[in-house]
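The residues making up each chain are set out below.
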Amino acid sequence: MEKDRFPCFFLFLLVVGPFVRVSPVPDDECPDARPAHEDCEYNEVCEDASCQYNEYVTCHLNRCGTCEAVYSGYDNLTVNCNQLTPKCRLMHLEMLHKSRSGQSRPGRGRPEVDNVYDPECESSGAFKSKQCDEDSNLCWCVDSAGVRVTDKTSDDPKCEKLVAVHLIQIDLIFKADFAFLKGKEDHLRRNLINKVSQFTLKTPQILQITVNEVTHKVTMKLFSTNVTKEPVDIATVAYYIERELKQSKFTVVLDGRNVEVDQESIRVLFFDNEPPRINMKTISPGFAAIIIIIALAILTGIAVFVVVQRKAEQERIQFEVIEGQELEDYNLAQREGLRYYD
């Protein structure tokens, strides 16, 4: 008997289905100034909609006032698609996406590398100054880019404030012959500026892009001229650029030819307003190598400066000695001349 009813019920849906309207929206869900719309169609609004700066969100209908698309992440928090998603929030949504798709094991704070983890964020989207891993029960302090600035410890670290990043440097090399890139450095630089312009900031910042004419190494520097508490800062901009680079979306065109970035050449360096409090024994070899290289560069610069200063001082003293000797000889010659004429 139940089998006979199913075709009739299915036929009823086919006949009546096209005339079914969206269920009414309760009036208490919308404010009086923006009354609810009952004729919003999900397919018409969300089918072709996309979030420009965040692919880890889903589209929903906003029936209050106008039928428009709103976006929220896996954590059900709304995302503003008209601006960059703060780095902490974007990293969190990335890790949730990987966890749900089986690309990584769940667990807050579980790192894939030293600076990629599921972070805890403030309501504004900025990083919390203290980050923890629930599995290992370790905690550490981070800067405004989410990069660790202290050792990981089971004790409660004192992260009184979020250390500000004032400079971020991105180094890379394009996969192209030197002969092809020779003389195109300015063109390459202009193309890079056009690529990065989509991630411009509202807060004061300076972007500097240089191309070494000999090695063709590209250096991008983001300076923060006014350290603010805005979550969309130079760290967020640098993170978007880094993602584009590592996803092979940062291709530039020179003389009609696509020039791609060498993935192995990408390096991102963070310069904080305060020195890190990290024991060299606890950091990864790669990160330690970067710190050692920077330290050696600083020491080398100091040594060169000292040598140059000493050489300049020696030359100055030598010049004074020669000048003094010449003056004495001149005075002697003058006296001898006077004696001769006398």
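For the structure itself, consult the block above.
Computed from a prediction, not measured in an experiment: that's the story for all the values here. (Residues numbered from 1 in each chain as written. Predicted model: local features only at pLDDT ≥ 70, side-chain atom pairs only at ≥ 80, totals over all residues. Heavy atoms only, no water.)

A. Representation of the environment of L254 in the model. Tracing the backbone through its elements, the reader meets L254 in strand β9 (residues 252–254). Contacts of L254, omitting those with residues within four sequence positions, involve F180, L181, K184, H187, L188, N191 and V259. (Helix = DSSP H or I, 4+ residues; strand = E, 2+ residues; numbered from the N terminus. Contact = heavy atoms within 4.5 Å.)

B. Representation of helix α3 (residues 87–100) in the model. For α3, spanning 14 residues, the distance from its first C-alpha to its last is 20 Å, which sits close to the expected 20 Å at 1.5 Å a residue. Those residues of α3 that fall on the buried side of the exposure criterion are K87, C88, R89, L90, M91, H92, L93, E94 and M95. Buried positions along α3 lie against β3 (78–79), α6 (234–246) and β11 (267–272). Taken from the residues just after α3, G102 is the one with a positive phi, measuring 80 degrees. (Expected span 1.5 Å × (residues − 1). Buried < 20%, exposed > 50% of the residue type's maximum accessible area, 1.4 Å probe, protein only.)

C. Expanded view of the sheet that holds strand β1 (residues 58–62). Read from one edge of the open sheet, three strands run β1-β2-β3, paired in antiparallel fashion. Each end of this open sheet is capped by a strand with a single partner; those strands are β1 and β3. Direction of pairing for strand β2 (residues 68–72) relative to β3: antiparallel, over a ladder of two bridges. Bridge assignment links Y71 to a residue of β3, and that residue is V79. (Pairing = 2+ DSSP bridges.)

D. Focus on the sheet that holds strand β8 (residues 217–224). Ordered by their spatial adjacency, four strands build an open sheet running β7-β8-β6-β11, and the pairing between neighbours is antiparallel. The open sheet has two edge strands with one neighbour each: β7 (205–211) and β11. Averaged over neighbouring strand pairs, the angle between their axes works out to 15 degrees when direction is ignored. Taken together, the seven bridges between strand β6 (residues 165–173) and β8 define a ladder with antiparallel strand orientation. For Q169, the partnering residue across the bridge sits in β8 and is K221. Sheet contacts for helix α5 (residues 185–196): β7 and β8; angle to β7, the most-contacted strand, approximately 150 degrees. (Axes fitted to C-alpha atoms, helices over the stretch in contact; angles between N-to-C directions.)

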